[in-house]
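As a plain string of letters, each chain reads:
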There are 2 protein chains.
Amino acid sequence: MKILILSLMALSSLTVSAQFGAPRVNPTVPSVKADVEDFKPATTNQDNKQYPMVNSQRMVRAQIMAPKATFVGLDIDGKIYEMTKDENGLWTGTSAPQDEGFHYYQLNIDGASVPDPGSKYFYGASRWGSGIDVPAADEEFYTVKNVPQGSVNEVYYWSTVTEKMRHGYIYLPAEYYSNPTKKFPVLYLQHGMGENETGWSAQGKTGIIMDNLIAAGKAVPFIIFMDNGLDVRRPGDPAPGQGGFGGPRPQGQRPGAPGQNGQRRGGFGGFGGFNAFQEVLIKDIIPMVEKNYRVIADAQHRGMAGLSMGGMQTHTITLANPTTFAYVGMFSGGSFNVDEVKENPDFQKTNKVLFMSAGGRETGMAEGDRSVVKAAENLKAMGINAHSYISPATAHEWQTWRRSLYQFAQLIFK
Amino acid sequence: MKILILSLMALSSLTVSAQFGAPRVNPTVPSVKADVEDFKPATTNQDNKQYPMVNSQRMVRAQIMAPKATFVGLDIDGKIYEMTKDENGLWTGTSAPQDEGFHYYQLNIDGASVPDPGSKYFYGASRWGSGIDVPAADEEFYTVKNVPQGSVNEVYYWSTVTEKMRHGYIYLPAEYYSNPTKKFPVLYLQHGMGENETGWSAQGKTGIIMDNLIAAGKAVPFIIFMDNGLDVRRPGDPAPGQGGFGGPRPQGQRPGAPGQNGQRRGGFGGFGGFNAFQEVLIKDIIPMVEKNYRVIADAQHRGMAGLSMGGMQTHTITLANPTTFAYVGMFSGGSFNVDEVKENPDFQKTNKVLFMSAGGRETGMAEGDRSVVKAAENLKAMGINAHSYISPATAHEWQTWRRSLYQFAQLIFK
C-alpha cells in the first residue's frame, strides 16, 4: 500500500506539474518561420473568438488586451511563454510545439493566473480553466458526425454513503431511445486526480467517440456512467484540507503546485478516498443506475475503467469486488500484476477483458509505458484475456485517454 | 417590424450594458459595517474556492493574487469596484449590494477583462465567463432536493436547414425513465441575446426547478427542449459579422460594448435570425424531438417560451405558426397585444395559456414591467387565458426568468 501511495503521488505531482506546477518563465518566444504562419482559431475556443490559435506545427498562440499590464505570459505545458505588447496594449505570444490533443493552460497577467477569455473552460488540475485542443491526425474518431446520436445526461441522485445529493453523467446510446425495451450493459468510467465527473464527456469526448464507434459497428451499444471519484466525503470523514483529497487552498497558490507544504496542504493523504468511492460506487451508483435505467444487471454486462487515479481506483475496486465486473480498463494508471490476479480466483473466473494503456511519452509510474505491454503479456500467459495499448506520441493527457477509450470500447461486452 | 427591431436593440444594449458595457470605475469601495462581515463563499464558486463571497447584505467580495498588478477591479452590474492590495500582492474588493439571484461579472487586471479564477463559468453577454448567485429568500425552489430526478441531456442532431450538426439540451422528467410507455408534452424554451443553449439549465436551473415542481405535484411532468436561437446561419446567409447575430469582434472589445460602431459591428442587423431560427425549430428540432422521444405530438401538448430575445422569438413564431403551440410564455420580452391576437383566429382557437412576465426592476422594453399586467388584462377581456407575473425586486436577469419558469410551468399542459 505504501508503494501505491508513493506511486500515485509521483504520478500526480508529475501530471499536475507538467501542466501547472512551478512553471519557469521562458523568455524566448520561439521564432516562427514564415511557412508556419498558418495559425487558425482552436476548436476549443469560445464561439467567434479568434484566439488562442494553433498552427500546423502545433504551436499555440495566445492574445489578450491588457493595456496597463507590465507582464503577460502564456502558461502551458509547465512553461510560461512571455508575450509581447503592441502599441495598443494587445499582447501576443506563441508556445513551442505541443503534443496532439487536449492541454490545460492559462494566462499570467502581472502575476495573476487567470483563464484565457478566448477559450472554453474545462475542469482539471483542480480548477475550471482554459483548455486547448491541438489538432491530431486521428481526430476523426472524436469529431461529431451525422450518425445516430446517443446523449450525455446530467444526473443528480441521493447517496446513502455521503448523505448528500451527488452529481454524475450518464451516456445513453442512440438505441436506448429508439429501442425502448432493450436492456444494455454498463461501463463505470472514472476521471483522474484533480478532475471531476465532467472530464470524460468534455475533454474525453466520450459521447462522440461512442456514437461514432457504435454507428460504425465497431462497438456494441452500452451505457457509460461517469461520476466524481474525489468528492466522496462521508459523515465522519476528515474535512477537506485535513488529509482528504482536494481540500481548499489559499488564494493565489496554484492547484497542485509542489513545494510549500504541497503534500501536507490538502494533498494526497487519506486514501480513505478510494474506500469512500468504492462504497459510493457499490452501494449508491450501481444500484441507482440499475434501478433507473434499462440495464443488464450482472457482472458479464458490467465494466469499470478509469484514467490515472481512476485507473488505480479501477484496479483496487475490481480486485476487491471480483465477481462484480467482467470488463476492466486501466488507462495510464499502472498495471495489474500476475500475483494479485493469481491470488484472486473469483477475479480470474469473472474477467473477460483486462485492458491496460499508457501514453507513448509518459514517464514515471507508467515507466515510459512499456510496463503495460509486459504486464499484458504476463497476464495473457496465465490465461487472462489481457490487452495493452500505447498511444503514439502523447503524454499523461487526454489524447491518451480518448484513444484508450476508443480501443477499450471495441473490446468489451462482445 | 421597425419598431420591434428598435425595441430589441434598446433592450439588448440595456441588458448588456447593465452587465458589461462601458462600466465606470467606482473608486469608493463601500465601507462594510462590522455587523455585515458575514461573507460566505458563493454557491457558484469552483469546488473548495473561498472567493468570491457574498454577505447578508448581498454585497459581493472578490479576491485574487496578482503581485505585480497596479490595478485590479471587480466588474459587476455595470460598475468596476477598485480592489486593494495587501503586502503579499493579494487584492480584495467589495461591491455595493446586488439584487437577489444570478449575475455575470468579471475581474479587470491592469486593463484586461478576465474571468475570476474562483467562480464557475457561464455563457452570457456573448462570452463564457464568471457568474455569481446571490442568495435569495425563495431559493428553495431551485435547490437540488432528494426527489425523483429527471435529467438534462446533451443532444446533437443534424439540421437540414443549417446543414450542420446542432447542439441542444433536453430535460426529461423522472417519469420518462420510470414509466417507459408514457408519452409527454414538450415545451420549447429559448434563451436571450448573447446567451446560448446552456443558459436555461446552468443559470436557469431548469432541471432542478422542474423536478421540484413535479415532485410537489405543482406541475405535470413534461419535456423541455432548449436550443441555440442565435447560431442559426443557413448556407447563403451573411457570414457572422456581416449583419448576423454574434459575429466576431476585435480582441479586447467588450461583448456588446456600446459606442464604437456597437450596432454595426456584428450587431443586431439581419433579423434573418428570427426566420432562420423559426425554420430550424419547425423543420428540424420539433420533428427530431417527436421522432426520438416519447412525445404527444399535437398542439395541445406543445408549448413555446423564452426570455428576452427568446420571448420575442416566441411571440413571432407562435403568431406565425398559430396552430402549432397551445402554450405560450414570454419572459421579459414584451407582450402580445390585443390587435395581433384578434387578427389571428387560429392562434385564439389553439391557445390555452398565454403568459407574460417581467422583473419588477426592469426598465425599457418591459416598461417597469407593468405593461405585461395591462396586456394580460386586455387579452383576458377578449377571452384569452392570459396571465402576467412580476418578479419582485429583480431586473433583466436570471432570477426573473427562474421565477417566470416556476410560475409558467404550473399553468401548462393541465
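Analysis parameters
- Residues numbered from 1 in each chain as written.
- Chains lettered and ligands numbered in written order.
- Predicted model: local features only at pLDDT ≥ 70, side-chain atom pairs only at ≥ 80, totals over all residues.
- Heavy atoms only, no water.
- Salt bridge = Lys/Arg side-chain N within 4 Å of Asp/Glu carboxyl O.
- Helix = DSSP H or I, 4+ residues; strand = E, 2+ residues; numbered from the N terminus.
- Buried < 20%, exposed > 50% of the residue type's maximum accessible area, 1.4 Å probe, protein only.
- Phe/Tyr/Trp six-rings, centres within 6.5 Å; stacked < 30°, edge-to-face > 60°.
- Lys NZ or Arg CZ within 6 Å of the ring centre and 35° of its normal.
- Least-squares fit on C-alpha atoms with pLDDT ≥ 70 in both.
- Contact = heavy atoms within 4.5 Å.
- Axes fitted to C-alpha atoms, helices over the stretch in contact; angles between N-to-C directions.
- Left-handed = near helix turned anticlockwise from the far one by under 90°.
- Nonpolar A, V, L, I, M, F, W, Y, C, P; charged D, E, K, R; others polar.
- pLDDT = per-residue confidence, 0-100.
- Buried area = accessible area lost by both parts, 1.4 Å probe.
- Polar contact = N/O pair within 3.5 Å; in protein donor to acceptor, adjacent residues only side chain to side chain.
- Pairing = 2+ DSSP bridges.

Visitor: How would you sum up the pattern of salt bridges? Please name residues and give values.
Guide: Side chains that differ in sign of charge can pair as their charged atoms come close. Inspection of every chain in the model, using the stated rule, returns 27 salt bridges over all chains. Measuring nitrogen to oxygen at the nearest pair gives 2.7 Å for the salt bridge that ties A:Arg403 to A:Asp138. Taken together, the positions of A:Arg403 in helix H10 (residues 398-409) and A:Asp138 in the loop between strand S12 (127-134) and strand S13 (151-159) put the pair 265 residues apart, joining distant regions of the chain. Its relative accessible area of 24% is what places A:Asp138 among the partly exposed residues. Between B:Arg61 and B:Glu37 there is a salt bridge; the shortest N-O distance is 2.9 Å. Taken together, the residues B:Arg61 in strand S4 (residues 59-65) and B:Glu37 in the loop between strand S1 (24-26) and strand S2 (40-41) connect sequence positions 24 residues apart. Of the residues examined, B:Glu37 reaches a relative accessible area of 43% and is grouped as partly exposed. Three or more residues are tied together by salt bridges with common partners; here these are A:Arg234, A:Asp237, A:Glu279 and A:Lys283.

Visitor: Describe in detail the packing of aromatic side chains, supporting the description with residues and values.
Guide: Under the definition given, this model contains 39 aromatic pairs over all chains. Between A:Tyr123 and A:Trp128, the aromatic rings sit 5.6 Å apart at their centres with planes inclined by 65°, giving edge-to-face as the arrangement. Each member of the pair, A:Tyr123 together with A:Trp128, is buried. With a centroid separation of 4.9 Å and an interplanar angle of 65°, the aromatic rings of A:Tyr327 and A:Phe413 are classed as edge-to-face. With A:Tyr327 in strand S18 (residues 327-331) and A:Phe413 in the segment after H10, this pair connects stretches of sequence that are 86 residues apart. Taking relative accessible area as the criterion, A:Phe413 reaches 10% and is therefore assigned buried. Put simply, the rings of A:Tyr176, A:Tyr177, A:Phe184, A:Tyr293, B:Tyr176, B:Tyr177, B:Phe184 and B:Tyr293 touch in pairs and so form one group of aromatic residues. A cation over an aromatic ring shows up here: A:Arg61 above the ring of A:Phe39, its NZ or CZ 4.0 Å from the ring centre.

Visitor: Which residues make up the relation of the copies chain B and chain A, and what are the values?
Guide: Of the transformation superimposing chain B on chain A, the axial component is 0.0 Å and the angular component is 180°, with the fit at an RMSD of 0.0 Å. With respect to symmetry, the two chain copies, as superposed, fit the operation of a two-fold axis. Taking C-alpha positions as reference, the residue of chain B nearest the rotation axis is B:Asn153, located at 2.0 Å. Comparing interface residues between copies, 100% of those in chain B also sit at the interface in chain A, which points to an isologous, same-surface contact.

Visitor: Break down the packing of helix H4 (residues 206-215) of chain A against H10(A) for me, with residues and values.
Guide: Residue and element names in this part refer to chain A. At a minimum axis distance of 10 Å, the contact between H4 and H10 shows a crossing angle of 35°. For the crossing formed where H4 meets H10, the hand is right-handed. Across the interface between the two elements, Thr206, Ile209, Met210 and Leu213 from H4 touch Arg402, Leu405, Tyr406 and Ala409 from H10. Looking at the contact of H4 with H10 residue by residue, the class counts come to 6 nonpolar, 1 polar and 1 charged.

Visitor: Please provide a residue-by-residue account of the confidence of the model for chain A, values included.
Guide: Residue and element names in this part refer to chain A. Mean pLDDT over chain A works out to 86, with 82% of the residues at or above the 70 mark. Scored below 50 in pLDDT, residues 1-22 shows 45 contacts in the model against residues more than four places distant or in partner chains. Across residues 242-272, confidence stays below pLDDT 50; counting only partners more than four residues off in sequence or on other chains, it has 71 contacts. Among the scores for the predicted complex, ipTM is 0.85 and pTM is 0.87.

Visitor: Which residues make up the interface of chain B and chain A, and what are the values?
Guide: The partner chain A presents 53 residues to the 53 residues of chain B that form the contact. For the pair chain B and chain A, the two sides together bury roughly 4400 Å², of which 59% comes from carbon and sulfur. Remark: the boundary between chain B and chain A carries 0 salt bridges. Between the two partners, chain B and chain A, sit 11 residue pairs in polar contact (both at pLDDT 80 or more). Of all the elements in the fold, those that place two or more residues in the side of chain B that touches chain A are S4, strand S10 (112-114), strand S12 (127-134), strand S13 (151-159) and strand S14 (164-172) of chain B. Ranked by residues supplied to the side of chain B that touches chain A, first place goes to S13(B) with 7 residues. Tallied by class, residues from the side of chain B that touches chain A come to 27 nonpolar, 18 polar and 8 charged. Summarising the sheet, S13(A) and S13(B) pair through 3 bridges and their orientation is antiparallel.

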